[in-house]
Amino acid sequence: MTVTRFAPSPSGAIHLGNARTALFNWLLARRDGGQFLLRIEDTDAERSSEAYAQQIETDLEWLGLGWDGQIVRQSARSAVYADAFETLERAGRVYPCYCTPLEINISRKSQLAAGKPPRYAGTCRHLTAEQRATREAEGREPTLRFRVPDDGRVEFLDLVHGEQAFQCADIGDFIIRRADGTASFFFSNIVDDALMGVTTVLRGEDHLSNTPRQLLIAMALDLKAPDYGHISLITAMDGSPLSKRAGAKSVAELGADGYLPIALVNQLYRLGHSSDLTGLQDLPTLAQHFNPAHLVRSPARWDPVQLAVWQKDAVHALSADEALAWMRPQLPQGLDESTARAFVAAVQANVVVPQDVADWAAVIFGEGMIQAESGPPATPTLSPDFAAAAITALRTHGADWSALTQAVKAATGAKGPALFKPLRLALTGRDHGPELGPILALMGVERAIARLEASTGP
RNA sequence: GCUCCUUUCGUCUAGAGGCCCAGGACAUAGCCCUCUCAAGGCUGUAACACGGGUUCGAAUCCCGUAAGGAGCGCCA
């Protein structure tokens, strides 16, 4: 059975890259009828926060990516890691390291300055029992380092990149247990994947060069490592890493901006994954067509323009109820239900983001003159007889669009664009938008007359 | 610095030696439809990073260069 997982660290908001990783793993599990697990990697108490852990759940649920079973928290699994540490200690695969962060830092810097790889120098690798005792006596709290073999290589088959091989000699001994006794990422991550029965891990390419370390741990512990697929990173439009500074928003922020989860999901689905699927699709369809073999190796750009397109499709695809719920925050307080529904029906095809909804709400329900959205101010001038005919029609027939147009047509002879354009401009302040019939009905006679009068030229 | 990854239209991508003077989708332009917008239909513009090889033949294989990215953390 396929078992995948999403294993975020609760040290920040879920960003686009994380969201896509979660999506792909979810899709794979759902496609295979397997399981999608959620594991919170909170071994680093200083960086982790409960608020972020909560936000992760909220974001995942909002995206529609439900997980199976209980959420696993690494902070509650220290006993499991302790066992594994002991196994490695007994096997002599690890050793205590008494170097302080400061010492390591200095070493790193001098290695870098000398043009060498900044790796652990191996200072504590061959300490005698006495030397260790001395350091213990000094009160130094050791970390536990994994003894990486001097020779040999680690090979594995990456689901996306194919055969990979790394020389052990290029890998420095790394810490698997911090001085405070907590497990570090390389360690707890692979141990838990194996113990939780995870079969496939789709993760960011930033983990590719670290995979050998984790495989080394798994081998030392005689654990079955999952298959890895390293997906390319998502970048900003200029190819630079996606960052807050580059304008990248978190999932929660995008949601707060009014973007629909299905729009996000559709955009994410196509980044780094090729598919013959076209148009907006729901999660089950996406899962059905998801294929790890179609994962792409090159980085993909996050295009806000494309997101807007998906969002437009997503808004159009909303049912009347969903659309109402989405537009509600932009509607005037206390608007009655049937009017609200009529409004939604009238504008749904013409809005993409909440601001668009707010704009049309202002046009239809707002008092006074209408602000043109941009460009030269809409100062239409209706000829007096044109306006008079329109106003008379409104007084006689009420907010009846066809009665209005027929009356004006009869009175002025205007037809086609010459008839509709001036009316649209006078009524809404802009030269495009939803069908005028429903708009007029929602607007009501009084507002319509006021606007026609305000637009009347000499 | 060392190791690793990547490079096809504006964007997402197809392409695993001849099917490719490179296909699709979105974006974009024009036309049709139409009161406008949206939707829909049709048509168009638009790309193999560069330089060497290998081969009868290369987007596809090899080498190099350039550009971008990742890792080398008591972060994940």
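That block above? That's the structure.
Residues numbered from 1 in each chain as written. Chains lettered and ligands numbered in written order. Predicted model: local features only at pLDDT ≥ 70, side-chain atom pairs only at ≥ 80, totals over all residues. Heavy atoms only, no water.

## Here's the deal with the protein's contact with RNA strand B
Basically, it comes down to this: Proximity criterion: a residue is near a molecule or strand once any of its heavy atoms comes within 4 Å of it. Identification of polar contacts relies on pairs of N or O atoms within 3.5 Å, with a donor-acceptor requirement for protein atoms, meaning one able to donate a hydrogen and the other able to accept it, and with residues adjacent in sequence counted only if both atoms are side-chain atoms. Each helix is a run of H or I in the DSSP string that is no shorter than four residues. Each strand is a run of E no shorter than two, and both are numbered from the N terminus.
With respect to spatial proximity, 62 residues lie near RNA strand B, and among them R108, G115, R178, G272 and N350 are the closest. When the atoms of RNA strand B within 4 Å of the protein are grouped by moiety, sugar and phosphate amount to 74% of the total. A distance of 3.1 Å is found between a base nitrogen of RNA strand B and a backbone nitrogen or oxygen belonging to C99. Listing elements by their share of the surface near RNA strand B, those giving two or more residues are α4 (101-113), β5 (143-146), β7 (162-167), α6 (185-195), β12 (300-301), α11 (304-317) and α17 (417-428). For the surface near RNA strand B, the element with the most residues is α11, which contributes four residues.

## Quick notes on the sheet that holds strand β3 (residues 72-73)
Here is the rule we go by: One requirement defines pairing of two strands: DSSP has to find at least two bridges between them.
With respect to topology, three strands assemble into an open sheet ordered β1-β2-β3, the strand pairing being parallel. Whereas interior strands pair on both sides, the edge strands pair on one side only; in this sheet they are β1 (3-6) and β3. With two bridges joining them, strand β2 (residues 35-40) and β3 adopt parallel strand pairing. Note that in β3 the partner of I40 across the bridge is R73.

## Topic: the packing of aromatic side chains
As a reminder, the rule being used: Ring pairs shown here join Phe, Tyr and Trp side chains whose ring centres sit within 6.5 Å, with only the six-membered ring taken for Trp; geometry is labelled stacked below 30 degrees between planes, edge-to-face above 60, and tilted in between. Three exposure classes are used, based on accessible area relative to the maximum for each residue type with a 1.4 Å probe and protein chains only: buried under 20%, partly exposed in between, and exposed over 50%.
The full count for this structure, using the stated rule, is nine aromatic pairs. Centre to centre, the rings of F85 and F187 are 4.4 Å apart; their planes meet at 15°, and the pair counts as stacked. Of this pair, F85 sits in helix α3 (residues 78-90) while F187 sits in helix α6, placing them 102 residues apart in sequence. With respect to class, F85 is no different from F187; both count as buried. Ring centres of F343 and F365 lie 5.5 Å apart, and the angle between their planes is 40°; on these two criteria the pair is classed as tilted.

## Looking at the sheet that holds strand β8 (residues 174-177)
As a reminder, the rule being used: Each axis is a line fitted through C-alpha atoms, and for a helix only the stretch in contact is used; angles between axes span 0 to 180 degrees, taken between their N-to-C directions.
The antiparallel open sheet is built from three strands, whose spatial order is β4-β5-β8. Of all the strands in the sheet, just β4 (94-97) and β8 have a single pairing partner and so form its edges. Ignoring which end each strand starts from, the neighbouring axes of this sheet average 45° apart. As paired strands, β5 and β8 are joined by three bridges and run antiparallel to one another. Bridge pairing links R145 to I175 in β8.

## Quick notes on the layout of surface pockets
Quick note on the threshold: Here a cavity means grid points, on a 1 Å grid over the protein atoms only, where a 1.4 Å probe fits yet cannot get out; a pocket means an open set of points with protein on both sides within 12 Å along at least five of seven lines; lining residues are those with an atom within 4 Å of a point. Grid points are joined across faces, edges and corners, and a volume is the space filled by probe spheres set on the points. Under the scheme applied here, ten amino acids are nonpolar (Ala, Val, Leu, Ile, Met, Phe, Trp, Tyr, Cys and Pro), four are charged (Asp, Glu, Lys and Arg), and all others, including Gly, are polar.
The volume enclosed by the largest pocket comes to roughly 1200 Å³. For the lining of the largest pocket, the secondary structure elements donating two or more residues are β1, α1 (16-31), α2 (50-63), α6 and β9 (200-204). Here the lining of the largest pocket gets five residues from one element, more than from any other, and that element is α1. Looking at side-chain class alone, the lining of the largest pocket contains 16 nonpolar, 17 polar and eleven charged residues.

## Quick look at the packing of helix α16 (residues 401-412) against α17
Formally: Each angle is binned into one of four classes, with values under 35 degrees roughly parallel, values over 145 roughly antiparallel, values of 65 to 115 roughly perpendicular, and all other values oblique. By convention, the crossing between two helices is left-handed when the near helix turns anticlockwise from the far helix through less than a right angle, and right-handed when the turn is clockwise. Whether two residues are in contact is decided by their heavy atoms, any of which lying within 4.5 Å being enough.
At a closest axis distance of 11 Å, the pairing of α16 and α17 adopts a crossing angle of 125°. By the angle between their axes, α16 is oblique relative to α17. The crossing of α16 and α17 is right-handed. From α16, W401, T405, V408 and K409 reach across to α17, where they touch L419, F420, L423 and L427.

## Digging into α11
Convention followed: Between the first and last residue of a helix there are one fewer steps than residues, each counted as 1.5 Å, and that sum is the expected span.
Taking 1.5 Å of rise per residue, the 14 residues of α11 would be expected to cover 20 Å, and the 20 Å separating its terminal C-alpha atoms lies within 8% of that figure. Each element contacted by the buried residues of α11 is listed here: α9 (261-269) and α12 (320-327). Sitting at the head of α11, D303 places a side-chain oxygen 2.9 Å from the backbone nitrogen of V305.

## Section: the nonpolar core
Test applied: To form a nonpolar core, buried Ala, Val, Leu, Ile, Met, Phe, Trp, Tyr and Cys residues must be joined to one another through side-chain atoms within 4.5 Å.
Residues M327, F343 and L452 are the most contacted members of the largest nonpolar core, which totals 47 residues. Looking at this core element by element, the count peaks at seven residues for helix α15 (residues 384-397). In this structure F343 touches M327, L331, V357, W360, A361, I364, F365 and L442, once residues within four positions along its chain are discounted. By size, the runner-up hydrophobic cluster in this structure holds 40 residues, among which are I14, A19, W26 and L63.

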